[in-house]
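Each chain is listed here by its residues.
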Amino acid sequence: MNAMPGPALDALTLPLMAVTALLVAALPLLAVWRSRDTNKFRKLVWVGVFLTFDLVVFGAFTRLTDSGLGCPDWPGCYGQANPLLAHAQIAQAAALMPSGPVTLPKAWIEMIHRFLASGIGALIVVLMGWAWYRWKRAGGVNGSKDADEPWLPSALFALVCLQGAFGAWTVTLKLQPMIVTIHLLLGMALLALLAWLGARQDALSAHTRRRAGDRAVARPLRTLQRLALLSACLLAAQVALGGWVSTNYAALACQDFPLCGGRLVPEMDFAHGFALWRQLGMTASGQYLPFPALTAIHWVHRNAAFLVFAVLGATVWRAWVHVSLRPLARKIALLLVLQAGSGIATIFLSWPLAIAVLHNAGAAALVVLVTMLNYAARHPSGAASASLPPSPSKP
């Protein structure tokens, strides 16, 4: 990767940014510590889910307001720890190009996104250290089989480090669509893993974790397990397509619905639209990206949504018969309808910022709920099968 070199870092930039990250992490840590919840580890996991959801949504806001290069270097802003210290350089860049990517509001949006990300990174370090401490205190490898193992929090730490690297490349490679889309997908993966860990903590806290020998409960849920996994895979693909639409600024390539440009199948250029390794707005050969390429990107995302809606709908219907899963199924069904509505509204209202951000938030919320459904289908409690007919008794 040929990253563009940025301004030299000031000597105090990294220490000041580290202090900022610790301050961002300190507030939720203090809230967890002072909470009345007896299981503070579980509380911290769900606080992490909430903040990571906020980070994904604010990342969408950063992308949609074209603030990704508000500070055109990384990790600082013109080598400084925040836009306040880099005010002179930002003002000079804004004066040369008032409608360009560098303005004071855009710089603050970009740096707030980075501060929130670094604070969540610090929280995950605490979460990982705490998980290892709990596991060793429970006896480690030789301890109880019900001990909560620290491998998932460790995977979260590795993922957040990788996410930080792609955050840097997003800036230094000047918003290259492939890098930005992977950055989005890694953020969603981090959110999903935290939601899985949260669902696991809920199960352990309620003493509903399924024993290895309790296969009779899992058998009736086998179809739901497959549907939930298929839903998760299709949702991940649709998020990737949505990220590809957003990073290529193809949201307004089709401004009518259900047709596109008055046609069911408009003129499209799939070869250039889905060439993955290229600069923003350019083809792989360095020419300007033709409009039919943007149309192809938008059209594929739009039509894939019908498949996702159908499969998630079938999954909700299958989950509905299980009493304990019904509240989760109801939330997914409601969110599906809202997500479809916000997507259509984005087209008819010419991509207003608030609705576009809401559409991204809906996708993130679906990731959380579908992850929780996958966990519940694979680790059911007795209540999960309460509405099922009893299995035939053995002679």
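Predicted model, so just to flag it, every value in this text is computed and none were measured.

### A few points about the packing of aromatic side chains
Piece 1. Scanning the entire structure with this criterion turns up nine aromatic pairs.
Piece 2. Measuring from ring centre to ring centre gives 5.5 Å for F41 and W130, while their planes differ by 90°; the resulting arrangement is edge-to-face. Placement of F41 in helix 2 (residues 40-64) and of W130 in helix 4 (residues 104-137) is noted, with a sequence separation of 89 residues between them.
Piece 3. Look at F41 and you get buried, because its relative accessible area is 1%.
Piece 4. Here W135 and W151 contribute two aromatic rings whose centre-to-centre distance is 5.2 Å and whose plane-to-plane angle is 65°, an arrangement assigned as edge-to-face. Of this pair, W135 sits in helix 4 while W151 sits in helix 5 (residues 151-172), and the two are 16 residues apart along the sequence.
Piece 5. What makes W151 partly exposed here is its relative accessible area of 44%.
Piece 6. Taken together through their ring pairs, the aromatic side chains of W132, W135 and W151 make up a single cluster.
Piece 7. It is R134 that lies over the ring of F41; its NZ or CZ is 4.1 Å from the centre.

### Concerning the state of the cysteines
Piece 1. Enumeration over the complete set of coordinates arrives at two disulfides.
Piece 2. Paired by a disulfide, C71 and C77 hold their sulfur atoms 2.1 Å apart. Negative torsions about the S-S bond denote left-handed disulfides, and the value of about -80° found for C71 with C77 makes this one left-handed.
Piece 3. Owing to a relative accessible area of 0%, C71 belongs among the buried residues under this scheme.

### A closer look at the side chain of Q80
Piece 1. Within the secondary structure, Q80 is located in the loop between helix 2 and helix 3 (87-96).
Piece 2. We classify Q80 as buried; its relative accessible area is 18%.
Piece 3. Sequence-distant contacts of Q80, defined by excluding residues within four places in its chain, comprise D10, T13, L85 and A86.

### Brief notes about unusual backbone geometry
What you tend to see is this: most non-glycine residues have negative phi, and most peptide bonds are trans.
Piece 1. With an omega of 5°, the peptide bond between W74 and P75 qualifies as cis.
Piece 2. Mapped onto the secondary structure, P75 falls in the loop between helix 2 and helix 3.
Piece 3. Residue F257 is joined to P258 through a cis peptide bond whose omega torsion reads 10°.
Piece 4. Position of P258 among the secondary structure elements: in the loop between helix 8 (222-247) and helix 9 (270-273).
Piece 5. A positive phi angle, near 60°, is found at D66, a position not held by glycine.
Piece 6. Of note, D66 is situated in the loop between helix 2 and helix 3.
Piece 7. Accessibility expressed as a relative area gives 31% for D66, which makes it partly exposed.

The rules behind the values
Residues numbered from 1 in each chain as written. Predicted model: local features only at pLDDT ≥ 70, side-chain atom pairs only at ≥ 80, totals over all residues. Heavy atoms only, no water. Phe/Tyr/Trp six-rings, centres within 6.5 Å; stacked < 30°, edge-to-face > 60°. Helix = DSSP H or I, 4+ residues; strand = E, 2+ residues; numbered from the N terminus. Buried < 20%, exposed > 50% of the residue type's maximum accessible area, 1.4 Å probe, protein only. Lys NZ or Arg CZ within 6 Å of the ring centre and 35° of its normal. Disulfide = S-S within 2.5 Å. Contact = heavy atoms within 4.5 Å.

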